[in-house]
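Coordinates in review
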Amino acid sequence: MNTDRKALWAVRQSGLPAVVRPCPDCSGTRHRPTGRIRVNANGKLLDVWLLLGCEGCDRTSKVPVHERVHVSSLDPVRREAYENDDPAVVRGLAMSASLAARNRYRLDWTGTWQLETRTPLYSLDDPTPLGVRVSFELPAPVRVERLLMLGLRLSRAEVRRMASDGHIHLPVALALDAKAHQDFEFTLDRPGVPDTTVHLQLTNTRSDLSHIRSHDTPPRLHRTATARA
Ligand SMILES: [Zn+2]
């Protein structure tokens, strides 16, 4: 079995999502974790809050994580992590969908990730399909079509054409316009064959490691989109 045939793409964290909720002091709605957690003890009862800062006015606000919980019901290691503003715990709380739902705010994942692609060397006329494993370092919801555009450095139209021509095989549960937020695999069938554009793009991704920021538009992609608009 030739494991070199598999391409590895990783959605890497480049920031924490913004907490979107109205600020009482300004017209802003976006908040960032301050990196701090507040723990308040009242007798045997504990309150724990994640502290946020408003991007507009810097006002600090609190998100309840635990309210009036008995000290014995909280894992001591967890409590110590709260008291020490453990960065991993802050990160987990800041990305928590259940905490967001419980406190009725939305998470904005814009600018929180970038795609790293590692594509093996292979011959362009090799008819063997190329497997691509996509892994997520953070649960950012990413549209599959956008991942493919970034990873293959193709325009939206080119990705759609490859999919409709049967050269991209996605898992049954994932449509092009679906949002993925966890690991999946797909297959590029005869990736070098469909047309010359794809030849060129896959050649370019041969470099050992390339970083593509989620909010960047590759120059070529822009030209293609303009030319075909
Ligand atoms: Zn504000």
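Residues numbered from 1 in each chain as written. Predicted model: local features only at pLDDT ≥ 70, side-chain atom pairs only at ≥ 80, totals over all residues. Heavy atoms only, no water.

An unreviewed UniProt entry lists the protein under the name DUF1062 domain-containing protein, from Streptacidiphilus alkalitolerans.

**Re the pattern of salt bridges**
Where we set the bar: For this analysis, a salt bridge means a side-chain nitrogen from Lys or Arg found within 4 Å of a carboxyl oxygen belonging to Asp or Glu. Helix and strand assignments follow DSSP, with helices taken as H or I runs no shorter than four residues and strands as E runs no shorter than two, numbered in order from the N terminus. Relative accessible area decides the class of each residue, using a 1.4 Å probe on protein chains only: under 20% of the type maximum gives buried, over 50% gives exposed, and in between gives partly exposed.
In the structure shown here, the tally under the stated rule is twelve salt bridges. Two residues, Arg12 and Glu116, come together in a salt bridge whose shortest N-O distance is 3.2 Å. Highlighted residues: Arg12 in strand β1 (residues 7-13) and Glu116 in strand β7 (residues 113-118), separated in sequence by 104 residues. Its relative accessible area of 12% is what places Glu116 among the buried residues.

**Quick word on the coordination of the zinc ion**
Using the following cut-off: Each metal site is built from N, O and S donor atoms within 2.8 Å (3.2 Å for Na, K and Ca), and since water is not included, such sites may look incomplete. Labels for metal geometry use angle windows, namely 85 to 135 degrees for all angles of a four-donor tetrahedral site, and for square planar (four donors) or octahedral (six donors) sites opposite donors over 155 degrees apart plus all others within 65 to 115; sites meeting none of these are irregular.
The protein atoms that coordinate the zinc ion are Cys23 (SG), Cys26 (SG), Cys54 (SG) and Cys57 (SG), at distances spanning 2.3 to 2.4 Å. Classification of the site at the zinc ion as tetrahedral follows from its four donor atoms and the range of 102 to 113° in their angles at the metal. In the primary sequence, the donor residues of the zinc ion line up as C-x2-C-x27-C-x2-C. Here Cys23, found in the loop between β2 (18-20) and β3 (30-42), pairs with Cys54, found in strand β4 (residues 45-54); they are 31 residues apart in sequence, far enough to count as distant.

**Observations regarding the nonpolar core**
Rules: Buried residues of nine kinds, namely Ala, Val, Leu, Ile, Met, Phe, Trp, Tyr and Cys, make up a nonpolar core once their side-chain atoms join them within 4.5 Å. Where each domain starts and ends comes from a domain assignment, either automatic or drawn from a database. In what follows, residue pairs with any heavy atoms lying within 4.5 Å of each other are defined as contacts.
Membership of the largest hydrophobic core comes to 50 residues, with the highest contact counts inside it found for Trp9, Val11, Val134, Leu148 and Phe186. Broken down by element, this core gets its largest block of residues, six residues, from helix α4 (residues 144-152). Per-domain counts for this core show at least three residues from each of domain 1 (3-15 + 111-228) and domain 2 (18-108). Leaving out residues up to four positions away in the same chain, Val134 has contacts with Trp9, Val11, Leu147, Asp183, Phe184 and Phe186.

**Digging into the pairing of strand β8 (residues 130-136)**
The cut-off we apply is this: Here a strand pair is declared whenever DSSP counts at least two bridges between the two strands.
When you tally the buried positions in β8, you get five out of seven residues, the bulk of the element. Of the strand pairs in this sheet, β1 and β8 are connected by five bridges, and their pairing is parallel. The residue of β8 that forms the bridge with Val11 is Phe136. Where β8 lies against strand β12 (residues 184-188), five bridges are found, and the strand directions are antiparallel. Opposite Val132, over in β12, you have Phe186 as the bridge partner.

**Describing the pairing of β3**
A regular strand places its side chains so that they alternate between the two faces of the sheet. Sheet topology places β2 next to β3; two bridges connect them, and they run antiparallel. Bridge pairing in β3 places Val20 opposite Arg30. Across nine bridges, β3 lies against β4 in antiparallel orientation. Across the sheet, residue Asn42 finds its bridge partner in β4, namely Leu45.

**Considering the packing of aromatic side chains**
The geometry of an aromatic ring pair comes down to the distance between the two centres and the angle between the two planes. Just so we agree on the cut-off: Pairing of aromatic rings covers Phe, Tyr and the six-membered ring of Trp, with a centre-to-centre limit of 6.5 Å; geometry is then stacked below 30 degrees between planes, edge-to-face above 60, and tilted otherwise. When the NZ atom of lysine or the CZ atom of arginine is within 6 Å of a ring's centre and also within 35 degrees of its normal, the charge is said to sit over that ring.
One pass over the structure, following the stated rule, counts two aromatic pairs. Seen from their ring centres, Phe184 and Phe186 are 6.2 Å apart, and the 35° between their planes marks the pair as tilted. Assigned by exposure class, Phe184 and Phe186 land together as buried. Taken together, the ring pairs connect Trp9, Phe184 and Phe186 into an aromatic cluster. Taking the ring centre of Trp49 as reference, the NZ or CZ of Lys62 above it sits at 3.9 Å.

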